[in-house]
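# Structural features, examined
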Number of protein chains: 2
Amino acid sequence: MTEETNRVFEIVEYPEGETPDRECFELQEEPVPELTDDDQVLVRTLYLRMDPGSRSKMVPPEDTPYEDSWAGDESVGSGGIGEVRETTHADFSVGDIVVGRLRWADYDVLTDDDLEEVDLDSAPIRAKLHVLGHTGRVAYVGMTEIADLQEGETVVVSSAAGSVGSIASQIATIYDCRVIGIAGTDDKIDYLVNELGIDEGINYKTTDDIQGDLAEICPDSVDVYYDNVGGEISDAVMNEMNTHGRIVQCGRIALINAEGGDRPTGPRHEGLYIKKRLRREGFVVDDHEELYPEAESMLEEWYTNDQLQHRETIVEGLENTPDAFIGLFEGDGIGKTLVEVSKPPGERND
Amino acid sequence: MTEETNRVFEIVEYPEGETPDRECFELQEEPVPELTDDDQVLVRTLYLRMDPGSRSKMVPPEDTPYEDSWAGDESVGSGGIGEVRETTHADFSVGDIVVGRLRWADYDVLTDDDLEEVDLDSAPIRAKLHVLGHTGRVAYVGMTEIADLQEGETVVVSSAAGSVGSIASQIATIYDCRVIGIAGTDDKIDYLVNELGIDEGINYKTTDDIQGDLAEICPDSVDVYYDNVGGEISDAVMNEMNTHGRIVQCGRIALINAEGGDRPTGPRHEGLYIKKRLRREGFVVDDHEELYPEAESMLEEWYTNDQLQHRETIVEGLENTPDAFIGLFEGDGIGKTLVEVSKPPGERND
């Protein structure tokens, strides 16, 4: 049933700049892995989810930001959806569709810790990878638990047209908040305002005064800042925070990789923290597994009610995964970028 | 009963540097104020408490960090203790001892909002101005509510020999935490370790590597950082924070006044917030009045049990108030500096 070889991307060189070079990744061939123990499944990759946050794991092991990282492994992985092809696991049968962390490869072997079966009744299969999956959880946990979002507040989201940002922005809209999205193209601003229904958008590449724009748009200041980028955009928002404002540090794509060498500098905010009684909190969604059932239930309800729009950019072919990943850093996508490694059941001609 | 004139310090020039010049303050004379309305008391000042945080209020009104500040007033004030000399207030009688915000003056008129009667049974009168008063509340609220301190954690306190710092450090010790105090003289380190029983001290003026010292002293990293200073000392501690660490932004004396002009810069910590899931929170104790009864009850219990040591530096004479205040910034005091404007009842010869 399976092909004879498995194609696997390996990191042959750690990226240096923010944007990885294509040459960092090399497609290698190996035999399709065999199950060697109980409670394993062999999975044929259907979709791989491209997350900018993976960049921070493409570093030597000593620099990884996460304790349970695969950084330093030669192969590289992403959240993905696969179809079970072989199994020694009592809970999974051949043909099951599962979500887990998959190598950038045709096949991977997963065990309990990584595996989650997908209920295909509620939504299209790919939504389980973003709006109804990991991406949705990140947005939900960040907005509800970390930001403690309250109805009617003023909310700013950076990288607002990105996968997490677009869901976070919509959650704030659902909470009847006034929502301002920051993004880097007029197309994205148009998407945010006219498709997602966000109140205002700021194109940080064409304005010369983000803080001034915010001051004008948000006369009552900013209660919650959902920060995906860090750096100068965040400085501008910090200066417009309201008393008791909360800053959710979800990402820092503007600074990624800068910390290996000299850490970039910026204005000190110690005085603002006191003056405005600000709280800034970084989080990793895996620390909040107890909230997943609530998150999934709310996200499904909103999704079913057409309150959560999303866009996908589908890149076909495993061999194009590095380009799809690099594209995240060139700001050319709206919503979630997925690589289709093989077509899901029902869409196949085989 | 009262003298004919009231001496009052006024700010004749806003300070420019971190440390105010003596010339910024001028002692002027006016008639002793009269009560002009109901619910007022005329208070003879006994003690004025010198707080470095007052420096941030000695700025033009538009730069004040606090909404309810007296900044921009020409006279300048502090927490203080006074004796009621005249009263139109049903709750206060002549001879009562009260705590409130007092001008740097012989006499002041206080109203309900500023007034609190002191119970003289539980402790010496001056303790109500620091360990059992405002200073104790700041340390208690910061450590318990903002830091959410847990038994057995590793805690770093900057400006640890200062009034808030020394109480915060001792609260952490009472919580069976491992406590490291940062201060700027060997005398202060000696005081922290040998009198207050803090585990370790770091003299930031004689070490060339605060972060290295911390790494050695705290192999399990830092769970709570009670920050009174900001700036480079705080950068060093940030780099040694443990996963889920909390940074309490109580003060920023290293940066005070710098924000009027160009804000100082420092390394960006966005990556650390995510990697270590850090939470940083600024606070102003007045926002937490609901915790005052609990704070006072705990502080009194610890004080009575000899678990809270404190030192006072008493400066005699209203005319020396500016020098006492300026001394805070020259790092020459341990514990709380109080100005004795007039002797309390029982210590007077009149």
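Data block above holds the structure.
Notes on the structure follow. (Residues numbered from 1 in each chain as written. Chains lettered and ligands numbered in written order. Predicted model: local features only at pLDDT ≥ 70, side-chain atom pairs only at ≥ 80, totals over all residues. Heavy atoms only, no water.)

### What about the packing of helix α1 (residues 134-146) of chain A against helix α2 (residues 163-174) of chain A?
Residue and element names in this part refer to chain A. Across the interface, α1 lies against α2 with an axial gap of 8 Å and an inter-helix angle of 50 degrees. If you check the angle between α1 and α2, you find them oblique. In this structure, the crossing between α1 and α2 has a hand that is right-handed. Seen from α1, the contacting residues are Thr135, Gly136, Val138, Ala139, Tyr140 and Met143; seen from α2, they are Ser163, Val164, Ile167, Ala168, Ile171 and Ala172. Its residues assigned to classes, the contact of α1 with α2 comprises nine nonpolar, three polar and no charged. (Axes fitted to C-alpha atoms, helices over the stretch in contact; angles between N-to-C directions. Helix = DSSP H or I, 4+ residues; strand = E, 2+ residues; numbered from the N terminus. Parallel < 35°, antiparallel > 145°, perpendicular 65-115°, else oblique. Left-handed = near helix turned anticlockwise from the far one by under 90°. Contact = heavy atoms within 4.5 Å. Nonpolar A, V, L, I, M, F, W, Y, C, P; charged D, E, K, R; others polar.)

### Points about the sheet that holds strand β11 (residues 222-227) of chain A
If you walk across this open sheet you meet the twelve strands as β10(A)-β9(A)-β8(A)-β11(A)-β12(A)-β14(A)-β14(B)-β12(B)-β11(B)-β8(B)-β9(B)-β10(B), and the pairing is mixed. Single-partner strands in this sheet number two, and they are β10 (200-203) of chain A together with β10 (200-203) of chain B. When strand polarity is set aside, the average angle formed by the axes of neighbouring strands in this sheet is 15 degrees. Of the strands in this sheet, β8 (154-158), β9 (178-183) and β10 of chain B touch helix α4 (residues 210-217) of chain B, which is tilted by about 170 degrees from β10 of chain B. (Pairing = 2+ DSSP bridges.)

### Side note on the interface of chain A and chain B
Taken together, the contact pairs 40 residues of chain A with 39 residues of chain B. Both faces combined, the contact of chain A with chain B buries some 3,400 Å², and carbon together with sulfur accounts for 51% of it. Across the contact surface, chain A and chain B share four salt bridges. When the shortest N-O distance is used, the salt bridge between arginine 268 of chain B and aspartate 235 of chain A registers 2.5 Å. The set of elements that each furnish at least two residues to the side of chain A that touches chain B consists of α5 (231-238), β12 (241-249), β13 (265-267), α6 (270-275) and β14 (279-282) of chain A. With six residues, α6 of chain A is the single largest residue contributor to the side of chain A that touches chain B. Of the residues belonging to the side of chain A that touches chain B, the class tally is twelve nonpolar, 13 polar and 15 charged. The pairing of β14 of chain A with strand β14 (residues 279-282) of chain B spans three bridges and is classified as antiparallel. Each bridged residue has a counterpart across the sheet, and for arginine 279 of chain A the counterpart in β14 of chain B is glutamate 281 of chain B. (Buried area = accessible area lost by both parts, 1.4 Å probe. Salt bridge = Lys/Arg side-chain N within 4 Å of Asp/Glu carboxyl O.)

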